[in-house]
Amino acid sequence: MKTHSFLAFAASVLILCTTALAQTPGDIDSHIAIAKTAAGQEFRGTFVNLCLPAGAPAGARGAGARGAGGAPATPDRAGWYAAPYKVFDNLYWLGTRQHSSWALPTSEGIIVIDTNFSWAIEPEIVEGLTKLRLNPRDIKYVIISHAHGDHDQGAALLQSRYGAKVVMGAPDWEATLQRPANAAGGVPKRDITVAPEGMKLALGDTAINIIATPGHTPGTLSYVFPVKDQGKTVMVAYSGGTLTGAFGTNGAKWDEYIASQKKIAKAAADAGASVILSNHSEYDGAYTRARLVGVKRETGEEHPFILGADVVQRYFTVMAECASASKLRVGAK
Ligand SMILES: [Zn+2]
């Protein structure tokens, strides 16, 4: 290579490298800008936690809550207890102030979605159902969005005491069955395993479309299902796992998470879902919204959980765009 052509080549490499370096922060910023716009007023908490580096570190939340090890001490009840609420004609909120569980009564029994910590199962789910004049003995299925202690520690009790069948994604069953027998809340026996292609779970007059959305955990499940608002059918999209895991520079893991958000977003759009639910109040505002359901609606005011199909889509845009920004930020390939 002659000197001048080598210099020209070197200069062009330098320009290419500089361009590539200059583009990365811009791309991060543009993903964050899209996510921020999509978040609007409704999903500020989700945006802050997922998009901003100073927010919760990936995978940190709930880490201390996972099922391995002995039973955690029950935290001060004043910091978490919340009364149960009827949210739709056939959907009941049974959460603590931080974590949500839901009961979906059908013509053939009750489906419980997520079960909270072991110390919350009696006051929130068993007593909560009873307060709402529902019978815990009618629980037929317990669907676990993902196998972290803040959502699954109550599953074994509902299974052993009431004969409920526990439903989980295949990889999360594997993780659960590895737990020691003295894990907080105990270890449920394997009942129903959801494969990557998902499944329809029908009970009486109600069917839940269960969608495998790996990302937060390898077996995370999300759902689309109908509820009734004063007799009118309303479709719900339920996001089963929010924070990105400790993916590091593993680009395939980031891509899997992002693809899952697009998958549940499409299922939600196809069904016309106008409600977005989560298993953490900070993401869907369940603790506050559940109280607002009982307030008389003014003319033209919608049910507090009905946000509209476009707003539901914006939620998943926040998740996918924040993950895209984070993937670039950590230099994942
Ligand atoms: Zn989790």
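Bear in mind the structure is a predicted one, so any value in this text is a computation, not a measurement. (Residues numbered from 1 in each chain as written. Predicted model: local features only at pLDDT ≥ 70, side-chain atom pairs only at ≥ 80, totals over all residues. Heavy atoms only, no water.)

### Here's the deal with the pattern of salt bridges
Per the stated rule, a full pass over the model turns up 8 salt bridges. One salt bridge connects Arg314 with Glu42, and the closest N-O pair in it is separated by 3.2 Å. A residue pair is termed long-range when its members are at least 10 positions apart, and Arg314 in helix α10 (residues 309-329) and Glu42 in the loop between α1 (3-39) and α2 (44-51) qualify at 272 residues. For the salt bridge of Arg179 with Asp152, the shortest nitrogen-to-oxygen distance reads 2.8 Å. With a gap of 27 residues between them, Arg179 in the loop between α6 (170-177) and β7 (192-194) and Asp152 in helix α4 (residues 149-152) connect regions that are remote in the sequence. (Salt bridge = Lys/Arg side-chain N within 4 Å of Asp/Glu carboxyl O. Helix = DSSP H or I, 4+ residues; strand = E, 2+ residues; numbered from the N terminus.)

### Some words on the side chain of His146
In this structure, His146 sits in the loop between β5 (139-143) and α4. The class for His146 is buried, based on a relative accessible area of 2%. If we ignore the near neighbours within four places in the chain, the residues touching His146 are Asp114, His151, Asp152, Asp172, His216, Thr217, Thr220, Gly240, Gly241 and Asn279. (Buried < 20%, exposed > 50% of the residue type's maximum accessible area, 1.4 Å probe, protein only. Contact = heavy atoms within 4.5 Å.)

### Remarks on helix α7 (residues 251-271)
For α7, spanning 21 residues, the distance from its first C-alpha to its last is 30 Å, which sits close to the expected 30 Å at 1.5 Å a residue. Of all the positions in α7, only Gly251, Trp254, Tyr257, Ile258, Ser260, Gln261, Ile264, Ala265, Ala267 and Ala268 are classed as buried. Those residues of α7 that are buried are in contact with α2, β9 (206-212), β10 (221-229), β11 (232-238) and α10. The N-capping residue of α7, defined by a side-chain oxygen 3.2 Å from the backbone nitrogen of Ala252, is Asn250. With its phi angle positive at about 70°, Gly272 sits one or two positions after the end of α7. (Expected span 1.5 Å × (residues − 1). Polar contact = N/O pair within 3.5 Å; in protein donor to acceptor, adjacent residues only side chain to side chain.)

### Remarks on unusual backbone geometry
With phi around 70°, Asn116 is a residue other than glycine that occupies positive phi space. Here Asn116 is to be found in the loop between β4 (109-113) and α3 (118-131). We note that Gln230 has phi near 45°; this positive angle belongs to a residue other than glycine. Residue position: Gln230 is located in the loop between β10 and β11.

### Section: the packing of α3 against helix α5 (residues 155-162)
Closest axis-to-axis distance for the α3/α5 pair is 11 Å, and the angle between their directions is 60°. Considering the angle they form, α3 stands oblique to α5. Read as a crossing pair, α3 and α5 show a hand that is right-handed. Contact residues: Ile121, Glu122, Ile125 and Val126 in α3; Leu157, Leu158, Arg161 and Tyr162 in α5. By residue class, the composition of the contact of α3 with α5 is 6 nonpolar, no polar and 2 charged. (Axes fitted to C-alpha atoms, helices over the stretch in contact; angles between N-to-C directions. Parallel < 35°, antiparallel > 145°, perpendicular 65-115°, else oblique. Left-handed = near helix turned anticlockwise from the far one by under 90°. Nonpolar A, V, L, I, M, F, W, Y, C, P; charged D, E, K, R; others polar.)

### Considering the state of the cysteines
A covalent bond bridging the sulfur atoms of two cysteines is what the word disulfide describes. Inspection of the entire model under this criterion finds 1 disulfide. Between Cys51 and Cys322 runs a disulfide, and the two sulfur atoms are separated by 2.1 Å. The sign of the S-S torsion, about -105°, decides the handedness of the disulfide formed by Cys51 and Cys322: left-handed. With Cys51 in helix α2 and Cys322 in helix α10, the pair connects residues that are 271 residues apart, well separated along the chain. (Disulfide = S-S within 2.5 Å.)

### A short note on the sheet that holds strand β8 (residues 199-203)
Within a sheet, neighbouring strands are paired by backbone hydrogen bonds and run either parallel or antiparallel to one another. With mixed pairing, the 5 strands of this open sheet are ordered in space as β8-β9-β10-β11-β12. The two strands at the open ends of the sheet, each matched to only one other strand, are β8 and β12 (275-277). Averaged over all adjacent pairs, the angle separating strand axes in this sheet is 25°, with direction ignored. Two strands pair when backbone bridges link them, and β8 and β9 are joined in this way by 5 bridges, in the antiparallel orientation. Following the sheet pairing, Ala202 is matched in β9 by Ala207. On the sheet, α7 packs against β9, β10 and β11 and is oriented at approximately 20° with respect to β10. Packed onto the sheet, α10 meets β11 and β12 and runs at close to 35° relative to β12. (Pairing = 2+ DSSP bridges.)

### Remarks on the packing of aromatic side chains
The description of an aromatic ring pair rests on the distance of the ring centres and on the angle between the ring planes. Across all of its chains, the model carries 11 aromatic pairs by this definition. Taken together, a centroid distance of 6.0 Å and an interplanar angle of 85° make the contact between Trp102 and Phe305 edge-to-face. Separated by 203 residues along the polypeptide, Trp102 in strand β3 (residues 102-106) and Phe305 in the loop between α9 (286-292) and α10 bring together distant segments of the chain. Between Phe247 and Trp254, the ring centres sit 5.0 Å apart and the planes meet at 85°, which makes this aromatic pair edge-to-face. An identical accessibility class is assigned to Phe247 and Trp254; each is buried. One aromatic cluster in this structure is built from Trp80, Tyr81, Phe117 and Trp119. Above the plane of the ring of Tyr81 lies Arg77, whose end atom (NZ or CZ) is 4.1 Å from the centre. (Phe/Tyr/Trp six-rings, centres within 6.5 Å; stacked < 30°, edge-to-face > 60°. Lys NZ or Arg CZ within 6 Å of the ring centre and 35° of its normal.)

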